[in-house]
Amino acid sequence: MTTRPRLRALFAAASAAAFISACGGGGGSSSPPPTAPPPSTAATPQLKMTVTATTDFPGTFGSVGAYEQVSGTISGELDPKDSKNAIIQDLELAPVNARGMVEYSADFTMLKPKDMGKANGVLRYDAPNRGNILTMPNLAANPSDAEFFERGYVWMFSAWQGDVPKSSPQRLTATVPVARNKDGSSITGPYATELLASAATPSIALPGGVFNGTMIPYAPADLDNTRPGYLLTQRVNETDPRVAIAPSDWKFAACDAAANPFPGTADPTRVCLKGGFQPNRLYELQYVAKDPKVMGVGLAALRDTVSFFRGAAADAAGTPNPLAGKIKFAIGQGTSQSGNAMKTFLHLGFNQRLDGGKVFDGVYAHVAARQTNINTRFAVPGGGGGLRTDHRAFGQTAPRGLSADYVDSVSGRQGGVMKRCEATATCPKFFLGLSGTEFWQLQGSPVLTDAFGFSDLTQPANARIYYYASSQHSTGTGGLAAGIGFNPAATVYPAGSMVDTADTFRALFVNLEAWVTQDVPPPASQVPKVADGTLVPPSQLVFPTIAGLSWTPAGGSPTAIPAFSYLARYNGFPLLDYGPQYRPEDESGVPTLVPPSYAGRDYAILVPQVDASTGLTKAGIRAVDVQAPLGTNLEFNYVATPGIVDLVNLSGAFLPFHKTETARIAAGDTRPSLESLYTDQAGYVAAVTTAANSLVSQRFLLQRDADRRVQRAQANPVLP
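Residues numbered from 1 in each chain as written. Predicted model: local features only at pLDDT ≥ 70, side-chain atom pairs only at ≥ 80, totals over all residues. Heavy atoms only, no water.

Asks: Describe the overall build of the protein, and please don't skip the residues or the numbers.
Replies: Helix and strand counts for the protein stand at 12 helices and 32 strands. Here the protein has a C-alpha radius of gyration of 26 Å; the compact-globule value for 720 residues is 27 Å, and the two agree. Along the three orthogonal principal directions, the C-alpha set of the protein runs to about 95 × 70 × 50 Å. Scored against the burial criterion, the 720 residues of the protein give a buried share of 57%. Counting every atom, the protein has about 26,300 Å² of accessible surface; 54% of that belongs to carbon and sulfur. Positive and negative side-chain charges in the protein, numbering 58 and 57 respectively, have mean positions lying 4 Å apart. (Helix = DSSP H or I, 4+ residues; strand = E, 2+ residues; numbered from the N terminus. Rg over C-alpha atoms; globule rule 2.2 N^0.38 Å. Buried < 20%, exposed > 50% of the residue type's maximum accessible area, 1.4 Å probe, protein only. Areas by Shrake-Rupley, 256 points an atom, 1.4 Å probe, with all protein chains shown as cover. Lys, Arg positive; Asp, Glu negative; His and termini not counted. Charge placed at Lys NZ, Arg CZ, Asp CG, Glu CD.)

Structure representation (structure tokens):
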């Protein structure tokens, strides 16, 4: 009675070890020679690759030559009994196939040299953001991205988020299982979301939210909104009292202002409101949802997909791996939400392959202050955060500190992002990039200080943090007026930034590659600090007087810009309680208090100090547009709508310098004029050249980008 189970266990262990070896075993940084896939057995998680398209990628790139784009789908399995999958919420409630495995699928696409003998051995993985490939190279718009092709990278994108709809062929989607009770019935639980209308509308689609609105929603357990747990409220600002809307005045339904008015036609994916939803109102919907996706499977899918491409000879069906034997190192990157996901991937232990080695040798989390909510029941990976909207959104409870021994004195919890990888010796070399938006809107400073904001943290030896001075969440125009927009009805100041963080990112990625592949130390972290007064409470910022300005779009008429008034608005960071079944230290578990309750304590939020003469920040990587500025690049902007207390979502503001001293003095603006800074156009070009050369010497700018910035300055006169 005991011999047969023991033999089965031994056979399962041997089969699993064979599969692990096929997916890049070895435990070191580089991958071993590829091996043939093991025989399929009931105990072996299988992974199969289907290539659906192979097309030429335009251009040829130095000695590497031509590239091609390979697209397809990974179909894989997870062993729910494997300890490396144990952290996945509700995995034990996912359906299994005849082999006892949980199934998933994920779209992928990659750019690879046609001649893989010319590849440099680096697999660069870029995580999609809500299924969107933010970093798909567009060499016409960003010619310097040719750097990565000329270096011989393989550039891969694969899906990890299980609630992304296939709304376009380019969007990468993943299919993950739905958890069910042991008897097969639907699991239900509390859920909350915000509904916002940009214009008056009879109904709004679920799931709602500024960031999450295009995802696949969780269906209500019942369309009867009079049942317990169902509530729709409205208010104007986050701190206003919530005013309940009678259940008789709203329904889960589709409706319109013509043939199908309220109460409309029953629909679990929409909410219809009597009288319609109004703009500038913040509606909060609570309901009992059903059928939670096991979202954490997406992180395991990413782990096994990258492990396959970097180390296996072929998939379980014998289909050859197009990268077989050519990948020595893998570097993962995510931007914004997907950068948060890469931090969560690391924090929850998924950088350990099934064989114990590293998935990624390096990770770059770009403009990524928080973590991603992917491992709770009814997870919301696409959520964000803000002063007015998504203020209590998921993604705020996991640790900000990187060190394994990080202590969170506000919550009383211990352990940072790298606690698990340090325990398994699988920590990658890690870059974190922060724009100014991360400090003002996305609660960025706690990664740099203790929870109370009293002192600077010592960062792990394998990590660097780079703050892009005077920047916004997305890259700026690089010294060009085109791309700065001003609609006084929407924003108080012209929206956008001239600070080009894409150039900085490109140079830093090359530094990360050198650290990973050659052990060349990168530049030291560049961050504002409490100790030297460059990281301070928002109330301590002192801006110059900025007045008498106007903005003239190309071909348009000038529009007056209001005199700058600093309001010290920022998104605070409250300690939230989602109930006893929720594990806040891992952003995991089952939230039972939704929306969460406020625990009565807050983390300190600090922001970069500015230069009182220019309004530009003092610390960080000071790009060309900060060292040779044409104006003040604010890291925030204010919503212009009367009565709305909010920051413009993820946006900065640009306030140009006056051109002449005469104009500056007449306006009462205390900042320098362009004339006083540069004298003439030649002086401006000289300042740009000096800044660019300095950044190249510091390894914060590639020479090709320095040359391009100087050429741009020469071609776009700002002074006679």
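What follows continues from the structure just given.
Asks: Describe the pattern of salt bridges, and please don't skip the residues or the numbers.
Replies: Counting across every chain of the model gives 27 salt bridges. Two residues, Arg-99 and Glu-77, come together in a salt bridge whose shortest N-O distance is 2.0 Å. One end of the pair, Arg-99, is in the loop between strand S2 (65-78) and strand S3 (102-113); the other, Glu-77, is in strand S2, and 22 residues separate them in sequence. Taking relative accessible area as the criterion, Arg-99 reaches 31% and is therefore assigned partly exposed. Where Asp-126 meets Arg-124, a salt bridge forms, and the shortest distance between an N and an O atom there is 2.8 Å. Among the charged side chains, a network of salt bridges with common partners joins Asp-145, Asp-503, Arg-506, Asp-705 and Arg-708. (Salt bridge = Lys/Arg side-chain N within 4 Å of Asp/Glu carboxyl O.)

Asks: Tell me about unusual backbone geometry, residues and numbers included.
Replies: Omega for the bond connecting Leu-206 with Pro-207 falls within 30 degrees of zero, at 15°, which places this linkage in the cis form. Within the secondary structure, Pro-207 is located in the loop between strand S8 (201-205) and strand S9 (231-235). In this structure, Pro-595 follows Val-594 across a cis peptide bond, with omega equal to 0°. Among the secondary structure elements, Pro-595 is positioned in the loop between strand S28 (588-589) and strand S29 (597-603).

Asks: Before we move on, can you summarise the environment of Arg-124 with the specific residues and values?
Replies: Looking at the element boundaries, Arg-124 is found in strand S4 (residues 122-127). Spatially, the C-alpha atom of Arg-124 lies 5.9 Å from that of Ala-330, the residues being 206 residues apart in sequence. Residues contacting Arg-124, with those up to four places away along its chain left out, are Thr-135, Phe-148, Tyr-153, Val-154, Trp-155, Met-156, Ile-331, Gln-333, Phe-505 and Phe-509. (Contact = heavy atoms within 4.5 Å.)

Asks: Outline the nonpolar core, supporting the account with residue identities and numerical values.
Replies: Soluble globular proteins tend to pack their nonpolar side chains together in the buried interior. Residues Phe-309 and Phe-360 are the most contacted members of the largest nonpolar core, which totals 173 residues. Residues Val-410, Ala-451, Leu-575 and Tyr-603 belong to the second largest nonpolar core, which totals 7 residues. (Core = buried A, V, L, I, M, F, W, Y, C linked by side-chain atoms within 4.5 Å.)

Asks: Help me get a handle on the packing of aromatic side chains, residues and values and all.
Replies: Following the criterion strictly, the structure yields 47 aromatic pairs and no others. Where Tyr-566 meets Phe-636, the ring centres are 6.1 Å apart and the plane angle is 45°; that geometry is what we call tilted. Of this pair, Tyr-566 sits in the loop between strand S25 (559-561) and strand S26 (573-577) while Phe-636 sits in the loop between strand S31 (631-634) and strand S32 (653-656), and the two are 70 residues apart along the sequence. Overall, Phe-636 belongs to the buried group, its relative accessible area being 3%. In this structure, Arg-464 is placed above the aromatic ring of Trp-515, and the distance from its NZ or CZ to the ring centre is 4.8 Å. Over the aromatic face of Tyr-638 sits the side chain of Arg-569, whose NZ or CZ is 5.4 Å from the ring centroid. (Phe/Tyr/Trp six-rings, centres within 6.5 Å; stacked < 30°, edge-to-face > 60°. Lys NZ or Arg CZ within 6 Å of the ring centre and 35° of its normal.)

Asks: Account for the sheet that holds strand S18 (residues 375-376), with residues named and values stated.
Replies: With mixed pairing, 3 strands are arranged side by side in an open sheet as S18-S28-S27. Only two strands of the sheet have a single neighbouring strand rather than two, namely S18 and strand S27 (582-583). (Pairing = 2+ DSSP bridges.)

Asks: Go over the state of the cysteines with me, naming the residues and quoting the values.
Replies: Applying the stated criterion across every chain yields a total of 2 disulfides. Note that Cys-255 is cross-linked by a disulfide to Cys-272, the S-S spacing being 2.1 Å. In this structure, the disulfide formed by Cys-255 and Cys-272 twists by about 100° around the S-S bond and is classed as right-handed. Highlighted residues: Cys-255 in the loop between strand S12 (253-254) and strand S13 (265-266) and Cys-272 in strand S14 (residues 270-277), separated in sequence by 17 residues. Summarising the burial analysis for this pair, Cys-255 and Cys-272 share the class buried. One disulfide bridge connects Cys-421 with Cys-427, the sulfur atoms lying 1.9 Å from each other. Linking Cys-421 and Cys-427, the disulfide has an S-S dihedral of approximately 85° and is accordingly described as right-handed. (Disulfide = S-S within 2.5 Å.)

Asks: Run through the pairing of strand S15 (residues 282-290), naming residues and quoting values.
Replies: Most of S15 sits out of view: 7 of its 9 residues are buried. As judged from the 8 bridges shared by strand S7 (residues 188-195) and S15, these two strands associate in the antiparallel manner. For Pro-190, the partnering residue across the bridge sits in S15 and is Val-288. One ladder, built from 5 bridges, connects S9 with S15; its direction is antiparallel. Within S15, the residue paired with Leu-232 across the bridge is Leu-285.

Asks: Give me the pairing of strand S17 (residues 362-366): which residues, what numbers.
Replies: Burial runs high along S17: 5 of the 5 residues are buried. Here S17 shows two buried faces, one formed by Gly-362, Tyr-364 and His-366 and the other by Val-363 and Ala-365. Of the pairings in the sheet, the one linking strand S16 (residues 329-335) to S17 comprises 5 bridges and is parallel in character. Within S17, the position partnered with Gly-334 by the bridge is Ala-365. Looking at chain direction, S17 and strand S21 (residues 429-434) are connected through 5 bridges and run parallel.

Asks: How would you explain the packing of helix H11 (residues 681-697) against helix H12 (residues 703-715) if you had to name every residue and give the values?
Replies: The geometry of H11 relative to H12 is characterised by a closest axis approach of 9 Å and an angle of 170° between their N-to-C directions. Considering the angle they form, H11 stands roughly antiparallel to H12. Where H11 abuts H12, its residues Gln-681, Tyr-684, Val-685, Val-688, Thr-689, Ala-692 and Val-696 lie against Gln-703, Ala-706, Arg-709, Val-710, Ala-713 and Gln-714. (Axes fitted to C-alpha atoms, helices over the stretch in contact; angles between N-to-C directions. Parallel < 35°, antiparallel > 145°, perpendicular 65-115°, else oblique.)

Asks: Before we move on, can you summarise the side chain of Thr-617 with the specific residues and values?
Replies: Here Thr-617 is to be found in the loop between strand S30 (607-608) and helix H8 (624-627). When its relative accessible area of 3% is taken as the criterion, Thr-617 is described as buried. Those residues in contact with Thr-617 that lie beyond four places of it in its chain are Tyr-467, Ala-469, Ser-470, Pro-608, Gln-609, Val-610, Arg-622 and Glu-635.

Asks: Go over helix H7 (residues 501-518) with me, naming the residues and quoting the values.
Replies: One turn of an α-helix holds 3.6 residues; hence residues three or four places apart share an orientation. Compared with the 26 Å implied by 1.5 Å per residue over 18 residues, the 25 Å span of H7 between its first and last C-alpha is a close match. Burial runs high along H7: 15 of the 18 residues are buried. Backbone nitrogen of Ala-502 and a side-chain oxygen of the N-cap are separated by 3.0 Å at the start of H7; the cap is Asp-500. Positive backbone phi, approximately 60°, marks Asp-519, located one or two places after H7. (Expected span 1.5 Å × (residues − 1). Polar contact = N/O pair within 3.5 Å; in protein donor to acceptor, adjacent residues only side chain to side chain.)

Asks: Lay out the sheet that holds strand S10 (residues 243-245) in plain terms, naming residues and giving numbers.
Replies: In spatial order, the strands read S7-S15-S9-S10; together these 4 strands make up an open sheet with antiparallel pairing. Pairing within the sheet leaves two strands with one partner each, and these edge strands are S7 and S10. Adjacent strand axes in the sheet meet at a mean angle of 30°, parallel and antiparallel pairs treated alike. Relative to S10, S9 is paired through 3 bridges, and the arrangement is antiparallel. From the neighbouring strand, Thr-233 faces S10, where its bridge partner is Ala-244.

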